[in-house]
Amino acid sequence: MLVRETAVPGAYVLSPRHLHDERGDFYESMRASQLEELLGHPFVPKQINYSVSKRNTLRGIHSVTVPPGQAKYVSCVRGVLRDIVVDLRIGSPTYGKYETNVLDAESGTQVYVPEGVGHGFLTLTDDATICYVLSSEHVPGTQVDINPLDPELALPWGFTEQPLMSPKDAGAPTAARAAELGLLTHW
């Protein structure tokens, strides 16, 4: 597995090595010992979620309050999507910085998102499916939603027409407002 740290400290892009033959393809999606060595602590899956979306669907920016906190190991298992992680940790030297990656089912590239870092994506194909392996179970009332079109973050989604968004995401506060409300994690 090839590993690259992103512009957001603690967030990584992991690209598997593929074994090809006449039958098709094989690759490892995650190896716990490698991830633990990289992070300096275990990543223990507590919940796995899937999201299936039409082309041009924008989901995010999402995070979880600390506590309970929630790290994510995300991959695209069907289709293609533009994935963005953004540092929302108050006091971080890279607060507001982001990293954009294209995730697709063919490459198997994954992104590790640490606690306190926001995550979102724009689907580039119909029926794009993302898998989230989560370090904590869903706890109602702990979700932190940031408007993905926050002009101060100015995230490069790259859409050419108005994306499909949930009312919850479209009405979410800016990162600055979420900080004022005390919703963001401290570095």
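Residues numbered from 1 in each chain as written. Predicted model: local features only at pLDDT ≥ 70, side-chain atom pairs only at ≥ 80, totals over all residues. Heavy atoms only, no water.

Below, the discussion takes up the environment of N49. Counting through the fold element by element, N49 comes out in strand β5 (residues 47-53). Each C-alpha atom of the pair N49 and T6 lies 23 Å from the other, and the pair is 43 residues apart in sequence. With residues near it in sequence (within four places) discarded, N49 still touches I130, C131, Y132 and L134. At 3.0 Å, the side chain of N49 and the side chain of Q47 are in polar contact. (Helix = DSSP H or I, 4+ residues; strand = E, 2+ residues; numbered from the N terminus. Contact = heavy atoms within 4.5 Å. Polar contact = N/O pair within 3.5 Å; in protein donor to acceptor, adjacent residues only side chain to side chain.)

What follows deals with the pattern of salt bridges. Using the criterion set out here, one finds eight salt bridges in the structure. Here E28 and R31 are joined by a salt bridge, their closest N and O atoms 2.4 Å apart. The salt bridge involving K168 is made with D145; its shortest N-O contact spans 3.2 Å. Of the two residues, K168 is situated in helix α2 (residues 167-170) and D145 in strand β13 (residues 143-145); the sequence distance between them amounts to 23 residues. Classification of D145 by relative accessible area gives buried; the value is 15%. The structure contains a network of salt bridges with shared partners spanning D145, K168 and D169. (Salt bridge = Lys/Arg side-chain N within 4 Å of Asp/Glu carboxyl O. Buried < 20%, exposed > 50% of the residue type's maximum accessible area, 1.4 Å probe, protein only.)

With that settled, the discussion passes to the pairing of strand β10 (residues 110-113). Residues Q110 and Y112 of β10 are buried on one face, and the alternating residues V111 and V113, pointing to the opposite face, are buried as well. Note that strand β2 (residues 12-15) and β10 share three bridges and pair antiparallel. From the neighbouring strand, L14 faces β10, where its bridge partner is Q110. (Pairing = 2+ DSSP bridges.)

On to the packing of aromatic side chains, then. In the structure shown here, the tally under the stated rule is two aromatic pairs. Aromatic pair F43 and Y73: ring centres 6.3 Å apart, planes at 40°, arrangement tilted. Here F43, found in the loop between α1 (32-39) and β5, pairs with Y73, found in strand β7 (residues 72-78); they are 30 residues apart in sequence, far enough to count as distant. Look at Y73 and you get buried, because its relative accessible area is 3%. Aromatic side chains F43 and Y112 sit 5.7 Å apart centroid to centroid with 85° between the ring planes, which places their arrangement in the edge-to-face category. Placement of the pair is F43 in the loop between α1 and β5 and Y112 in strand β10, with a sequence separation of 69 residues. (Phe/Tyr/Trp six-rings, centres within 6.5 Å; stacked < 30°, edge-to-face > 60°.)

This part takes up the sheet that holds β5. Across the sheet, six strands lie side by side as β1-β2-β10-β7-β12-β5; this open sheet has antiparallel pairing. Pairing within the sheet leaves two strands with one partner each, and these edge strands are β1 (2-5) and β5. In this sheet, adjacent strand axes meet at a mean angle of 20° when their direction is disregarded. The sheet contact formed by β1 and β2 spans four bridges and is antiparallel. (Axes fitted to C-alpha atoms, helices over the stretch in contact; angles between N-to-C directions.)

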